[in-house]
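An overview of the molecular structure
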Amino acid sequence: MTDTTPTHDPTEADPPPRSLSRRALIAGAGVVATSPAIALLLGAQGSVASVPTAGSAAAAGGSAAAAPVAAATNVRRITMYAERIDAKTVGYGLEPGKATVPGPILEMWEGETLEITLVNTTDQRLSIHPHGVNYDVNSDGSVFNDSFNEPGQTRTYTWSTVKMARDRGIWMPGSAGYWHYHDHAWGDHGTQGIAAGLYGALVVRRVGDVLPQKQFTMVFNDMTINNKVAPATPMFEAKLGERVEFICIGHGNQLHTFHLHAHRWANNRTGLLADQYDTSQVVDNRDLNPGDAFGFQVVAGLGVGPGAWMYHCHVQFHSDGGMSGVFLVRNADGSMPPGAQESIDRFQGHSHTTSAPSGAATTTGGAAAGGTGPAVVDPTGHAGH
Ligand SMILES: [Cu+2]
C-alpha cells in the first residue's frame with residue numbers, strides 16, 4: 001500500500017480540482033461550496049453562497065472587518081417534513097416522502113435567520129428544537145412553552161444567529177459552530193421523537209471557514225449509530241485527499257466516546273489548526289454524550305493512505321454491541337484500495353456479541369437496537385444524504 005500513500009499534504013500543493021487549500025483561502029481565492037448539502041442549504045439562495053469571496057480572506061486573516069455576510073433582512077425560509085419512515089422510525093426531510101435519519105444537515109452563515117416551516121404528517125405531537133442559535137419562546141419547540149406541532153399541524157420556527165464582533169476591544173463569540181436539532185415534544189421532552197430518529201446536524205459557519213467536499217452526520221443514539229446497529233451502520237465514503245467533515249452528535253441515555261481510525265483533528269471549532277502557534281489539542285477520540293455535538297474536518301487518508309478504516313464508540317461494550325462502522329477511503333481515482341473489500345466483507349459478516357453487561361440491554365431505546373441487523377451497508381455512505 002505504500003505506493004498509494006500520499007507523499008505530500010494535499011491541502012498544501014497540487015490539490016485536486018475541487019479541493020480548497022488553506023493557502024488559497026488565505027490568499028483570497030475564496031470558498032467554493034462543493035457539497036450537495038451546502039449547495040442546497042447555503043447556496044440555493046445565491047446571495048448567500050456568494051458571500052465568502054475576497055472579503056472572507058481578509059476576515060480570516062483578522063485584518064479587516066467581516067464581509068457583509070448578511071443584511072438584517074437576510075432571512076431564509078425552508079420547509080421541513082416530519083414523517084414516519086417505518087413502524088419504528090420517524091425522520092425529518094426537506095421534501096415530502098424524503099425523510100431520513102439523521103435529518104438533513106442544516107447550514108447557516110453567522111448573521112442569517114432561518115425560518116423553518118415544519119409540516120407534521122404524523123399522528124404525534126412533535127417539534128424542531130435547535131442548539132446553538134437564538135430563538136424566542138414561540139420557536140422553542142418545547143411542550144413547556146406550548147411551542148410545538150400538534151399531530152398534522154404546520155408551524156413555523158425562527159432561528160437567528162449573530163456574527164462574531166469586537167466590542168470595546170473584546171471579541172464576542174458569534175453563533176458559528178457544530179450544533180444540532182431534534183424533537184422536543186414527543187414524550188414531553190422529545191424522548192420518544194429522538195429515539196425514533198427525529199434529529200440532525202446544524203452547522204453555523206463564519207466567513208472564512210473552509211468548506212468541506214463531503215459531509216457526514218454520525219449520531220450516537222443510545223446503543224445505535226444513526227438508529228442502526230452493525231453491520232447495518234452507515235459506510236461513509238471518500239476518495240483519497242478529499243476534505244471530509246464529520247458532524248457527531250450524542251443522544252439517548254448512554255455515555256459514549258467517538259473514535260475514528262487513522263485520522264486525527266484539532267479539538268477546536270474547526271478541527272483544523274489555525275497556524276503553527278495554535279495550541280489546540282490534536283485528538284482522535286472524543287466524548288459524545290447526550291446533547292453533545294462536535295464537528296471536525298479531515299483530509300481522507302492523509303498520511304496513512306486509502307483503506308477501510310473503522311469508526312466506533314470506544315466504550316467497549318458499546319462497540320461490541322454494534323456501535324461501529326466503516327469509513328472507506330478509496331483511491332484518488334475512486335477505485336478500491338487493496339484489502340478494503342476484504343475488510344468490508346469481514347465487517348458485514350461480523351455479528352456483535354451478546355455478552356454486553358446487563359445495563360446495556362435495558363437501555364437500547366433506538367429503533368434498530370437489539371438485533372443483528374441485515375448484512376446491508378448503506379451504499380450511499382450516509383443515511384441522511
Ligand atoms: Cu457508546
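Residues numbered from 1 in each chain as written. Predicted model: local features only at pLDDT ≥ 70, side-chain atom pairs only at ≥ 80, totals over all residues.

**A short note on the pairing of strand S20 (residues 307–313)**
Of all 7 residues making up S20, 6 are buried, and the element is well covered by its neighbours. Bridge count for strand S15 (residues 257–260) against S20 is 3 bridges, and the pairing is antiparallel. Each bridged residue has a counterpart across the sheet, and for Phe 258 the counterpart in S20 is Cys 313. With 6 bridges joining them, S20 and strand S21 (residues 324–330) adopt antiparallel strand pairing. Residue His 312 lies in a different strand from S21, and its bridge partner there is Ser 324. (Buried ≥ 20, exposed ≤ 12 C-beta atoms within 10 Å, placed from the backbone. Helix = DSSP H or I, 4+ residues; strand = E, 2+ residues; numbered from the N terminus. Pairing = 2+ DSSP bridges.)

**What to know about the sheet that holds S15**
Spatially, 5 strands are ordered S13-S21-S20-S15-S18 in an open sheet, and the strand pairing comes out mixed. Taken across any chain shown, the strands that pair with only one partner, and hence form the sheet edges, are strand S13 (235–239) and strand S18 (285–287). In this sheet, neighbouring strand axes are inclined to one another by 15 degrees on average, regardless of whether the strands run parallel or antiparallel. With 3 bridges connecting them, S15 and S18 associate as antiparallel partners. Opposite Phe 258, over in S18, you have Arg 286 as the bridge partner. The strands touched by helix H6 (residues 340–349) are S20 and S21; relative to S20, the strand with the most contacts, the crossing angle is about 35 degrees. (Axes fitted to C-alpha atoms, helices over the stretch in contact; angles between N-to-C directions. Contact = placed C-beta atoms within 7 Å.)

**With respect to the confidence of the model for the chain**
For the chain, the average pLDDT comes to 80, and 72% of its residues sit at 70 or higher. In the predicted structure, residues 1–41 sits below a pLDDT of 50 and forms 83 contacts with residues beyond four places in sequence or in another chain. Low pLDDT, under 50, characterises residues 353–385; the predicted model gives this stretch 83 contacts beyond four residues in sequence or across chains. (pLDDT = per-residue confidence, 0-100.)

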